[in-house]
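Secondary and tertiary structure notes
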Amino acid sequence: MERIWAVKAEGSCPASLESFDCSNPHKGTETVLASCPSMQASQQHRSSVMASRLYHQIKQEVEPEPYWFPQLPPIDPSLCYSDGFHFSVESSNENFCTLESSSANGSYTAYNSTSLVGFSPNGSPMSQQDSQSYPSDLHHSPDNNGGSPISGSCVTDDVSDLRDKLKELETVMLGPDSDVIDSKTSLEMGTWRLVTDAISRGDLKQVLVFCAKALSDNDLLMAQWLMDELRRMVSVSGEPIQRLGAYMLEGLVARLASSGSSIYKALRCKEPKSADLLSYMHILYEVCPYLKFGYMSANGAIAEAMKDEDRVHIIDFQIAQGSQWITLIQAFAARPGGPPHIRITGIDDSTSAYARGGGLNIVGKRLSKLAEYFKVPFEFHAAAMSGCEVQREHLQVRPGEALAVNFAFMLHHMPDESVSTENHRDRLLRLVKSLSPKVVTLVEQESNTNTAPFFPRFLETLNYYTAMFESIDVTLPREHKERIDVEQQCLARDVVNIIACEGAERVERHELLGKWRSRFRMAGFTPYPLSSLVNATIKTLLENYCDRYRLEERDGALYLGWMNRDLVASCAWK
């Protein structure tokens, strides 16, 4: 029988010669591998490399081709502020929010068409390319009844097919010829198994987290593939997590496209008439107690501090529609001994004019008419500017007036030391302290998104707005025709901004009350105790809402939450 002789090389296995049978090449190798650590390690290494190559080959099959996300030319956004929550609208003929791209320089392969990522008429986010980008039959598959086109970029769309491939790969990797598996490959396999399990279970929340993690790790192929899967799972007319998921997906797409800034500015919603927009804000105000809670707690602290004052000056750093002061004017009108003279300085930049249907003079006329009806002496001073522009001379403080300053859902829009060396957040607090106010009220969303890196910020946003959307679902029926508009116009843009934008472009920068306390103390303030009477009134108010809302008083502050999640915090300072 013909034999091939292998001559021992220097430094190889102790056996000087080993013969191999050509008719059975594997015969005898067990003995060699068992007696030769170097050959055993070499064989194991080759098996591991082969398995790793096979893994990445399968991974390339199931991941989509990279999209080309062109950057938009700069577009000036028209920002509006609701009574508390920041949002914006721009003119468009679309029925739902869209992310529109036109041209850019990118490293990805460019399709010969414009890309449009947004919401289809039935409420499902979609990714569209013209016929040069995708085969037409992929857009009109008979199995695609959800309204979202099937992406032509994913070779293996069926999850069970993917799982079969992964199982086949696992068998190869764990076979008898390979006892050592590369740890990185094993880790990647574990992640893929978790991802596919989440998709097969329809666990939208977990898939959103996996997608954000892939984006955070710069695993763009994985992120793009998961975005394709998410488009089939979200809907602006579905369950609370499906609705929130639609807007969070939009934020992820915007972040992937151009770090968020261009896409965020170009995010277009159907522009309602100003009267309709006010209606949406009023609906949110009525169905969710968050804004009402914040205004009532702040007004209670101001009324308590001013109960013996004859002349009261209130500086509101984001007056919006002026709705907060309607109940306070009524309360002052009923004060024993007669109402004080009230002067309100309303600060709000000009971009809020659309939501009001005009400038701050509309707020002044509205409040003046109300005060006249209740026979309360009243003045209104308009300061149409951003909080970043406010200086002492703009506030027109007069001697003999007791001063109250209101920061309701406003300070988190001010850039701090992490964004600007000017640090307007702390500058405003020092400016207000120099005015010697009797009381300063703070109402803010209890969330931590200011300096947090992208991935933990995404998790915090997902947790916070899940509670928010669940609470809306309880009080506003899902079939309510205006619910989509309320969420889209008043909440969605905040979500996209938090996820997609960085630096000065990210204006939604919330902090927990513990951090606000530190800022107020550094500016020289001390806590002002909240009125127990006001707290009792707010508790009574909550009885008209779902019993899953909860009110808690701790450390001199009031917290309004949904189930186990704090959503809004209110406190006062002097």
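So, here is what we can say about the structure in this document. (Residues numbered from 1 in each chain as written. Predicted model: local features only at pLDDT ≥ 70, side-chain atom pairs only at ≥ 80, totals over all residues. Heavy atoms only, no water.)

This part covers the packing of aromatic side chains. Tallying each qualifying case throughout the model produces twelve aromatic pairs. An angle of 20° between the planes, with centres 5.2 Å apart, marks the rings of Trp192 and Trp225 as stacked. Here Trp225 lies in helix 7 (residues 220–231) and Trp192 lies in helix 5 (residues 183–201), a separation of 33 residues in the sequence. Accessibility assignment for this pair places Trp192 and Trp225 in one class, buried. Centroid distance Phe520 to Trp573: 5.0 Å. Interplanar angle 20°. Geometry classified as stacked. You can see Phe520 sitting in helix 18 (residues 513–522) and its partner Trp573 sitting in strand 16 (residues 565–573), a full 53 residues away along the chain. With respect to class, Phe520 is no different from Trp573; both count as buried. In this arrangement the basic side chain of Lys213 is found over the ring face of Phe455, its NZ or CZ atom lying 5.9 Å from the centre. One cation-aromatic arrangement involves Lys433 over Phe525; the distance from NZ or CZ to the ring centre is 5.2 Å. (Phe/Tyr/Trp six-rings, centres within 6.5 Å; stacked < 30°, edge-to-face > 60°. Helix = DSSP H or I, 4+ residues; strand = E, 2+ residues; numbered from the N terminus. Buried < 20%, exposed > 50% of the residue type's maximum accessible area, 1.4 Å probe, protein only. Lys NZ or Arg CZ within 6 Å of the ring centre and 35° of its normal.)

So, on to the environment of Asp217. Looking at the secondary structure, you find Asp217 in the loop between helix 6 (204–216) and helix 7. Residue Asp217 is classed as partly exposed on the basis of its relative accessible area, which comes to 46%. A polar contact of 2.7 Å, which involves the side chain of Asp217, links it to the side chain of Lys213. (Polar contact = N/O pair within 3.5 Å; in protein donor to acceptor, adjacent residues only side chain to side chain.)

Another point: the pattern of salt bridges. If the charged atoms of two oppositely charged side chains come close together, the side chains can form a pair. Under the definition given, this model contains 25 salt bridges. The salt bridge involving Arg231 is made with Asp228; its shortest N-O contact spans 2.8 Å. Of the two residues, Arg231 and Asp228 both sit in helix 7, three residues apart, roughly one turn of that helix. Both residues of the pair, Arg231 and Asp228, belong to the buried class. Several salt bridges share partner residues, and in doing so they unite Asp416, Glu417, Arg425, Asp426, Glu511 and Arg519 into one network. (Salt bridge = Lys/Arg side-chain N within 4 Å of Asp/Glu carboxyl O.)

Between helix 7 and helix 8 (residues 240–258), whose axes approach to 11 Å, the crossing angle comes to 150°. As summarised for this structure, helix 7 and helix 8 are arranged roughly antiparallel, according to the angle between their axes. The handedness of the crossing between helix 7 and helix 8 is left-handed. Side by side, helix 7 and helix 8 meet where Leu220, Gln224, Met227, Leu230 and Arg231 of the first sit next to Leu249, Leu252, Val253 and Leu256 of the second. (Axes fitted to C-alpha atoms, helices over the stretch in contact; angles between N-to-C directions. Parallel < 35°, antiparallel > 145°, perpendicular 65-115°, else oblique. Left-handed = near helix turned anticlockwise from the far one by under 90°. Contact = heavy atoms within 4.5 Å.)

Counting 103 residues, the largest nonpolar core has Leu226, Leu252, Tyr290, Val439, Phe458 and Tyr465 as its most contacted members. The element best represented in this core is helix 16 (residues 454–475), accounting for ten residues. Residue contributions to this core reach at least three from each of two domains, namely domain 1 (185–270 + 450–509) and domain 2 (289–446 + 510–573). Sequence-distant contacts of Phe458, defined by excluding residues within four places in its chain, comprise Leu208, Val209, Ala212, Met248, Leu252 and Ile499. (Core = buried A, V, L, I, M, F, W, Y, C linked by side-chain atoms within 4.5 Å. Domains from an automatic or database assignment.)

Let us now look at helix 11 (residues 289–305). Given a rise of 1.5 Å per residue, 17 residues ought to cover 24 Å, and the 24 Å separating the end C-alpha atoms of helix 11 matches this to within 8%. Most of helix 11 is tucked away, with 14 of its 17 residues classed as buried. (Expected span 1.5 Å × (residues − 1).)

With that out of the way, let us pick up unusual backbone geometry. For residues that are not glycine, phi is negative in most cases, and the peptide bond is trans in most cases. Residue Phe409 is not a glycine yet carries a positive backbone phi of 55°. By the secondary structure assignment, Phe409 is in the loop between strand 11 (402–408) and helix 15 (424–434). Backbone geometry places Asn423, a non-glycine residue, at a positive phi of 50°. Note that Asn423 resides in the loop between strand 11 and helix 15.

With that out of the way, let us pick up helix 16. In this model helix 16 runs 31 Å from its N-terminal to its C-terminal C-alpha over 22 residues, within 8% of the 32 Å that 1.5 Å per residue would give. Counted residue by residue, helix 16 has 16 buried out of 22 residues, so it is predominantly covered.

Moving on: the pairing of strand 14 (residues 549–554). On any regular strand, side chains alternate: one points to one face of the sheet, the next to the other face. Bridge analysis of strand 14 against strand 15 (residues 557–562) gives six bridges, and the strand direction is antiparallel. Bridge assignment links Leu551 to a residue of strand 15, and that residue is Leu560. With antiparallel pairing between neighbouring strands as the criterion, strand 14 and strand 15 make up a hairpin whose turn holds two residues, including Asp555 at a positive phi of roughly 55°. (Pairing = 2+ DSSP bridges.)

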